[in-house]
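Observations on chain architecture
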Amino acid sequence: MNKKVIVTGGAGYIGSHTVIELIHAGFEPIIIDDFRNSKPWIIDRIQEVSDAKVLFYEVDCQDKDAVETVFKAHPDAAGVIHFAAYKAVGESVDKPIAYYQNNVGSLCVILELMETYKIQHFVFSSSCTVYGEPKSPIVDELTPIQKATSPYGDTKITCEKITEFEQASKGTLKAILLRYFNPIGAHESAKLGELPQGIPNNLVPYITQTAKGIRKELTVFGSDYNTIDGTNVRDYIHVVDLAKAHVAALNYAINKSGSFCEPFNLGTGKGTSVLEIIQTFETVNNLKLNYKIGPRRAGDVEQIYANANKANKVLNWTCQYGIAEALEHAWNWEKTLN
Ligand code: UDP
């Protein structure tokens, strides 16, 4: 089997860490990214960290002709890992059309070209948002998918459905849908990490920017939830562990016979509250964070964490890092940024 893998969004947060792990595992990633949510120097960093030359194409995944030039140059690629997408829940409410066009449009371009070039192995970036507000906080892959409460969430459900229908219709795809819980942290080298644009929406980048003095204070969104300490509970997973799961998923798809479309939860299996994140961040980095308790944020799920037994068993994958390391790495990364 050829070791080339096309990675859309390969300069992004999860994409860049996955490219590193693919190289470590002997794959030859080919990145497609147009830097709308990254920077060209991330490619240099990927090469520095991996000590390898990485092929890269500056292309918008909605542009079928441009993406086809990449497939034409690499018709022998073993598979595609598709990260390229918009990811901000709040922004999606303001710009629904942009979210559907980009997230759903890009997926259709990729699946069509995979069919044309007879590339079978596909790994898709999905999200635990597909479970909505679950009846029980711990969810496995059989937990029902719920009606989305944001355009972002709906694009993930829609993309999963399109992939399932495409697989059922053509019977050639070997597809894996990876449902991420909350990715946090950065590369241990502090050379790669998240680059939020403007004011961060996510908890950990907001914390690191507050610790650095870029933001005045963190607001904890609600302390009256029915949870361990009243704040929301999530399953925070180190981005490098998440990246390694993509390699495991790709290998699983390559080694499994037949055509399929299978979902996997990617989380640690452990729930952590917002206050626990703040306390751990303060302890591991030996600093005090300026924060206050504020009102609830609209649309937040009370608590959700993964039953990741399926990924642990079937993909032979487990998390190696805990939140302490993730929060230390996130801070080390933040300190390198201007
Ligand atoms: N959160 C918070 N303050 C912030 C950002 C996030 O209290 O400035 C909380 C949010 O309410 C949620 C958790 O942190 O309970 C994780 O939020 P994030 O946006 O990172 O991920 P989500 O789980 O919403 O996808």
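Refer to the structure above for everything that follows.
Keep in mind that this is a model prediction, so the values were computed, not measured.

For the rest of this paragraph, the subject is the packing of helix H7 (residues 203–212) against helix H9 (residues 274–285). Orientation of H7 relative to H9, taken along the N-to-C sense of each, is 40 degrees, at an axis distance of 11 Å. Taken together, the axes of H7 and H9 are oblique relative to one another. Our pair here, H7 against H9, has a crossing hand that is right-handed. Contacts between H7 and H9 involve Leu203, Val204, Ile207, Thr208 and Ala211 on the former and, on the latter, Val274, Ile277, Ile278 and Phe281. Its residues assigned to classes, the contact of H7 with H9 shows eight nonpolar, one polar and no charged.

Bringing the site of the ligand into the picture now. Around the ligand, the structure places 15 residues, and the nearest of them are Leu203, Thr219, Asn232, Arg234 and Asp300. Take Asn201: an N or O atom from its main chain is 3.5 Å from an oxygen atom of the ligand. For the ligand, the protein covers 86% of the area, taking 520 Å² as the surface of the free molecule. Among the elements of the structure, H7 and strand S9 (218–221) are those that each provide at least two residues to the shell around the ligand. It is S9 that contributes the most residues to the shell around the ligand, four residues altogether. Residues of the shell around the ligand, tallied by class, amount to seven nonpolar, five polar and three charged.

The terminal C-alpha atoms of helix H1 (residues 13–24) lie 18 Å apart, and with twelve residues this matches the ideal 16 Å at 1.5 Å per residue to within 8%. By the criterion of burial, H1 is predominantly enclosed, with eleven of the twelve residues buried. Listing the buried residues of H1 in full gives Tyr13, Ile14, Gly15, Ser16, His17, Thr18, Val19, Ile20, Glu21, Leu22 and Ile23.

In the contact formed by H7 and helix H11 (residues 323–336), the axes pass within 10 Å of each other and the chain directions differ by 55 degrees. Relative to H11, the element H7 is oriented oblique. Of the two possible hands of crossing, H7 and H11 adopt the one that is right-handed. In contact with Val204, Pro205, Thr208, Gln209, Ala211 and Lys212 of H7, H11 contributes Leu327, Ala330, Trp331 and Glu334. Of the residues assigned to the contact of H7 with H11, the class counts are six nonpolar, two polar and two charged.

With respect to the helices and strands, Asn265 occurs in strand S12 (residues 260–266). Asn265 sits 32 residues away from Arg297 along the chain, and the two C-alpha atoms are 25 Å apart.

Moving on, we come to the packing of aromatic side chains. Taken as a whole, this structure holds eight aromatic pairs when the rule is applied. Ring centres 6.4 Å apart and planes at 40 degrees place the aromatic pair Trp41 and Trp333 in the tilted group. Residue Trp41 is located in helix H2 (residues 41–50), and its partner Trp333 is located in helix H11; the two are separated by 292 residues in the primary sequence. Taking relative accessible area as the criterion, Trp333 reaches 4% and is therefore assigned buried. Grouping aromatic residues by their ring pairs yields a cluster made of Tyr252, Phe260 and Phe264. Positioned above the aromatic ring of Tyr225, the side-chain terminus of Arg296 is 3.9 Å from the ring centre. One cation-aromatic arrangement involves Lys310 over Phe264; the distance from NZ or CZ to the ring centre is 4.2 Å.

Let's shift gears to the environment of His82. With respect to the element layout, His82 can be found in strand S4 (residues 79–82). With near-sequence residues (within four places) excluded, His82 lies in contact with Thr8, Ser106, Leu107, Ile110, Phe122, Val123, Phe124 and Ser125. Among the polar contacts made by the side chain of His82, one reaches the side chain of Thr8 at a distance of 2.7 Å.

Moving on to the sheet that holds strand S5 (residues 121–127). Consider a sheet: its strands pair through backbone hydrogen bonds, and that pairing is either parallel or antiparallel. Ordered by their spatial adjacency, seven strands build an open sheet running S3-S2-S1-S4-S5-S7-S12, and the pairing between neighbours is parallel. Strand pairing shows two members of the sheet lacking a second neighbour, strand S3 (55–58) and S12, which therefore form its edges. Strand-to-strand twist across the sheet, computed as the mean angle between neighbouring axes with direction ignored, equals 20 degrees. In the sheet, S5 pairs with strand S7 (residues 174–180) via seven bridges, with the strands oriented parallel.

What counts, and where the lines are drawn
Residues numbered from 1 in each chain as written. Predicted model: local features only at pLDDT ≥ 70, side-chain atom pairs only at ≥ 80, totals over all residues. Heavy atoms only, no water. Axes fitted to C-alpha atoms, helices over the stretch in contact; angles between N-to-C directions. Helix = DSSP H or I, 4+ residues; strand = E, 2+ residues; numbered from the N terminus. Parallel < 35°, antiparallel > 145°, perpendicular 65-115°, else oblique. Left-handed = near helix turned anticlockwise from the far one by under 90°. Contact = heavy atoms within 4.5 Å. Nonpolar A, V, L, I, M, F, W, Y, C, P; charged D, E, K, R; others polar. Near = heavy atom within 4 Å. Polar contact = N/O pair within 3.5 Å; in protein donor to acceptor, adjacent residues only side chain to side chain. Areas by Shrake-Rupley, 256 points an atom, 1.4 Å probe, with all protein chains shown as cover. Expected span 1.5 Å × (residues − 1). Buried < 20%, exposed > 50% of the residue type's maximum accessible area, 1.4 Å probe, protein only. Phe/Tyr/Trp six-rings, centres within 6.5 Å; stacked < 30°, edge-to-face > 60°. Lys NZ or Arg CZ within 6 Å of the ring centre and 35° of its normal. Pairing = 2+ DSSP bridges.

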